[in-house]
Amino acid sequence: METVILVVVIALVVILGAGGLVIGSRRRNRQLPPSPPSTPTITKPPAEPHVGDEAETPREEPRRTIEEVPLPGATAAPEAPEEVELPEQVVVERPEPTEGRLVRLRSRLSRSQNSLGKGLLTLLSRERLDDDTWEEVEDTLITADVGVTPTQELVERLRTRVRVLGTRTPDELRTLLREELLALVDPTLDRALRTESHEESPAVVLVVGVNGTGKTTTTGKLARVLVADGRSVVLGAADTFRAAAADQLQTWGERVGARTVRGPEGGDPASIAFDAVKEGIAEGADTVLIDTAGRLHTKTGLMDELGKVKRVVEKHGPVDEVLLVLDATTGQNGLVQARVFAEVVDITGIVLTKLDGTAKGGIVVAVQRELGVPVKLVGLGEGADDLAPFEPEAFVDALIGE
Ligand SMILES: Nc1nc2c(ncn2[C@@H]2O[C@H](COP(=O)(O)OP(=O)(O)OP(=O)(O)O)[C@@H](O)[C@H]2O)c(=O)[nH]1
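Residues numbered from 1 in each chain as written. Predicted model: local features only at pLDDT ≥ 70, side-chain atom pairs only at ≥ 80, totals over all residues. Heavy atoms only, no water.

Engineer: Is there a simple way to think about the side chain of E180 in this case?
Structural biologist: Looking at the element boundaries, E180 is found in helix α6 (residues 170-185). In this view, E180 contacts L154, R157, L158 and R161; residues no more than four positions away in its chain are not counted. (Helix = DSSP H or I, 4+ residues; strand = E, 2+ residues; numbered from the N terminus. Contact = heavy atoms within 4.5 Å.)

Encoded structure:
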C-alpha cells in the first residue's frame, strides 16, 4: 500500500512540474514588444506569423527570405531593404501679410473690449448728463485700465464739448468719443519698427519682458511679421533660463526658414546674442531678433544681464529696437514691470500681448503715458499670425464698435 501511495505522489509532482514550465514559458512569450523609437526610421518588416500564433506574440526568429527558396533559373535574389535615415521634412510657411492685420483681427478686440465702448456710449446717451453720470464715465474708463490722469483729461474735454454742442445725437456723441479716445491713444507717435539693415550689419531687435508674458511666442510671431514683409531674419535664443524656450524659438524659426542661434542650457545670454548677430552678418540677414530672459528676482541682476547683452551686441553695431513685451491681462502689475524694465534698459517700443483675452484695452493708453514709448505691436491670439502692427484708428474703432 505504501508503495502505491509513493508512486501516486511522485506522479503528481512530475505532472505539476511540467504544467508550471508550460505556464512560465507562455508568460515569457507574452512580454510586450519593445517600444518604437521616437524618431522615424525605416526598419526591416517583422517575421511573418505562423498559423496558430497569437497576434501579439513577438517573433524573434529570422525571417525566411526569398534567397533560401531555390527557384528555377533564379540568378540573384532581390536585396532586403537597408535601414535608411529619413531627412527631416521642414515645410516653410508663408505668413499672412501684415498690412491691415489689426483690421482683420478687430473682432477679437471688440469681443472683449466692447464693454468699454458700449458702456461709454450708453452712459453718454442718457437724458441728463449730471455729475453722477460723468462719474460713471470716469469709473468705466478706470476699470478698463486707462489710468486716472488720462481718464480725468478725457472726461474734462468731453464734458466741455458736450456742453458747447448743446444737442447731442447718438452720431455726434460717437464722433466726439472717438476723437477723444483717439487723442488719448495718440496717433502722432512714431510706431514704425526699426528693422531695416545697415550697410554692413543687420538691424538688431532685443525682445525683453518678464517670462510668461508671451515673449518667446512674440519673438517667433515677429519673425513671421518680418518675413511676411520680405525681410530675412536670424533668431537668437538668449533666454537660457527656461530650457524649452530655445526649442520653442527654433520651431518658430524653422516654420519661416529662419536660422536660430542657441547655446547650452543656462549658458551666457550675452555670448548667444553676440553669436546671433555674427551669424546675421555672415548671412547678410536684414534683422536679428534676440529673445532674452526676464527674471525679475532683483533689479540689479536684470540690469546686469540685459546691460551685458546690449553692450556685447553693440560690439557689432547699434541695437535698433528694444521691445518690451507686456501681458495686457495683468493690468497694473504690467505697469510695475514696465517701470522696472524702463529703468534698466532704453525701451523703444511696447508689445501688448493677450489683448484678445481682456476687456482692459485702456492699458494701451496707460503704458504709453507711463513710459513715454509707443505701443508698436499687439498680440490678439495664440495663432501664428495673431500679432498685428498697432493702428490707433482701427483700435479705437474696435473699442466703440462701428
Ligand atoms: N491669447 C493669447 N495668448 C498668447 C498671446 N501671446 C502669447 N500667448 C500665449 O502665452 C503663453 C506664454 O507664451 P510664451 O511665449 O511661452 O511666454 P514667454 O514670456 O516667452 O515665457 P518664457 O519663455 O518662459 O520667457 C503661450 O501659451 C502663448 O501661446 C496672445 O496675444 N493672445
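Structure shown, so let's carry the discussion forward.
Engineer: Explain helix α8 (residues 243-255) here, please?
Structural biologist: One turn of an α-helix holds 3.6 residues; hence residues three or four places apart share an orientation. Within α8, the full set of buried residues consists of A245, A246, L249, W252 and G253. Buried residues in α8, looked at end-on, bunch into an arc of 125 degrees, giving them a common side. Elements in contact with the buried residues of α8: α7 (215-228), β4 (233-238), β5 (259-261) and β6 (287-292). G257 sits one or two positions beyond α8 and adopts a positive phi of about 75 degrees. (Buried < 20%, exposed > 50% of the residue type's maximum accessible area, 1.4 Å probe, protein only. Arc of directions from axis to C-beta.)

Engineer: Would you take a moment to explain unusual backbone geometry for this structure?
Structural biologist: The phi angle of most residues is negative, glycine excepted, and most peptide bonds adopt the trans form. Not every positive phi belongs to a glycine, and D145 is a case in point at roughly 70 degrees. Tracing the chain through its elements places D145 in the loop between α4 (131-143) and α5 (148-165). Its identity as a non-glycine residue notwithstanding, K354 has a phi of 60 degrees, on the positive side. Residue placement: K354 occurs in the loop between β8 (349-353) and α12 (363-371).

Engineer: Would you take a moment to explain the sheet that holds strand β9 (residues 375-379) for this structure?
Structural biologist: Adjacent strands of a sheet form backbone hydrogen bonds with each other and so pair up, either parallel or antiparallel. The sheet built from eight strands is open, its strands ordered β5-β4-β6-β3-β7-β8-β9-β10 with mixed pairing. Of all strands in the sheet, those bounded by a partner on one side alone are β5 and β10 (387-389). Between one strand axis and the next, the sheet turns through 25 degrees on average, direction left out of account. Strand direction decides the pairing type here: β4 and β5, joined by three bridges, are parallel. Each residue of the ladder has a partner; that of L235, found in β5, is T260. Lying over the sheet, α7 contacts β3 (203-208), β4, β6, β7 (321-327), β8, β9 and β10, oriented at roughly 170 degrees with respect to β6. Sheet strands in contact with helix α9 (residues 269-283) are β3, β4, β5 and β6, and its direction is about 170 degrees off that of β4. (Pairing = 2+ DSSP bridges. Axes fitted to C-alpha atoms, helices over the stretch in contact; angles between N-to-C directions.)

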